[in-house]
Amino acid sequence: QVQLVESGGGLVQAGGSLRLSCAASGRSFSRYSMGWFRQAPGKERDFVAAITSSGGTYYADSVKGRFTISRDNAKKTVYMQMNSLNPEDTAIYYCAAGWGLRIATPMAYDYWGQGTQVTVSS
């Protein structure tokens, strides 16, 4: 079992930055792929970024060059640095852990956090 707790969300002006954190409890954190997804009101949950157990990173086209995902296995924490934020980035951001291969899809993940709200004002 893995429990995930996100933090770092908030209100920021367009062009600003935020750093999200996702702290995990439980065993075998280093063996999981970790992902970030986001869900805006009335929309589906969309892939944002993922990092594999070996450190490979993957990004949605909409965030490439602006967001950076990283992990610290000793701290059992995954981070996402978000720069150049715009109002379209407003959503609840969810952290996920899983073993699946299709890491850009929710089905690859077995554990989810409660989410953290990110609001970008224009």
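Every value quoted in this text rests on a predicted model; they were computed, and no experiment measured them.

Scoring rules and cut-offs
Residues numbered from 1 in each chain as written. Predicted model: local features only at pLDDT ≥ 70, side-chain atom pairs only at ≥ 80, totals over all residues. Heavy atoms only, no water. Helix = DSSP H or I, 4+ residues; strand = E, 2+ residues; numbered from the N terminus. Contact = heavy atoms within 4.5 Å. Pairing = 2+ DSSP bridges. Axes fitted to C-alpha atoms, helices over the stretch in contact; angles between N-to-C directions. Salt bridge = Lys/Arg side-chain N within 4 Å of Asp/Glu carboxyl O. Buried < 20%, exposed > 50% of the residue type's maximum accessible area, 1.4 Å probe, protein only. Disulfide = S-S within 2.5 Å. Phe/Tyr/Trp six-rings, centres within 6.5 Å; stacked < 30°, edge-to-face > 60°.

*Asks:* Would you mind going over the environment of Arg19 with me for this structure?
*Replies:* Structurally, the position occupied by Arg19 is in strand β3 (residues 18-26). Sequence separation between Arg19 and Met80 is 61 residues, and the spatial gap between their C-alpha atoms is 5.6 Å. In contact with Arg19, other than residues within four places in its own chain, are Ser7, Gly8, Tyr79, Met80 and Gln81.

*Asks:* What's the story with the sheet that holds strand β8 (residues 77-82) in this structure? I'm lost.
*Replies:* Sheets are built from strands that pair by backbone hydrogen bonding, the pairs being arranged parallel or antiparallel. Overall, antiparallel pairing links the 4 strands, which are arranged β1-β3-β8-β7 in an open sheet. Each of the sheet's edge strands pairs with one partner strand only, and the pair in question is β1 (2-7) and β7 (67-72). Pairs of neighbouring strands in the sheet enclose a mean axial angle of 15 degrees, with direction left out of account. Relative to β8, β3 runs antiparallel, the two sharing 6 bridges. Note that in β8 the partner of Arg19 across the bridge is Gln81.

*Asks:* What is the right way to read the pattern of salt bridges from this model?
*Replies:* Once the charged atoms of two side chains with opposite charge are near each other, the side chains can pair. Throughout the structure, instances matching the rule amount to 3 salt bridges. Across the pair Arg66 and Asp89 runs a salt bridge whose closest N-O atoms are separated by 2.8 Å. Note that Arg66 is positioned in the loop between β6 (57-59) and β7 and Asp89 in the loop between β8 and β9 (91-98), a separation of 23 residues in sequence. You can call Arg66 buried: its relative accessible area is 15%. You can call Asp89 buried: its relative accessible area is 1%. The structure contains a network of salt bridges with shared partners spanning Arg38, Arg66 and Asp89.

*Asks:* Can you help me understand the state of the cysteines in this one?
*Replies:* What makes a disulfide is a covalent bond joining the sulfur atoms belonging to two cysteines. Applying the stated rule across the entire model yields 1 disulfide. One disulfide bridge connects Cys22 with Cys95, the sulfur atoms lying 2.0 Å from each other. Negative torsions about the S-S bond denote left-handed disulfides, and the value of about -80 degrees found for Cys22 with Cys95 makes this one left-handed. With Cys22 in strand β3 and Cys95 in strand β9, the pair connects residues that are 73 residues apart, well separated along the chain. Relative accessible area serves as the criterion here: at 0%, Cys22 is assigned to the buried category.

*Asks:* How should I be thinking about the packing of aromatic side chains in this particular structure?
*Replies:* In this description, a pair of aromatic rings is defined by centroid distance and the angle of the planes. Here the structure, examined in full by the defined rule, presents 6 aromatic pairs. Relative to Tyr109, the ring of Phe37 has its centre 5.4 Å away and its plane inclined at 80 degrees; by these criteria the two rings are edge-to-face. Remark: Tyr109 occurs in the loop between β9 and β10 (111-112) and Phe37 occurs in strand β4 (residues 33-39); sequence separation between them is 72 residues. Like Tyr109, Phe37 is buried.

Nothing here speaks to function; it is geometry throughout.
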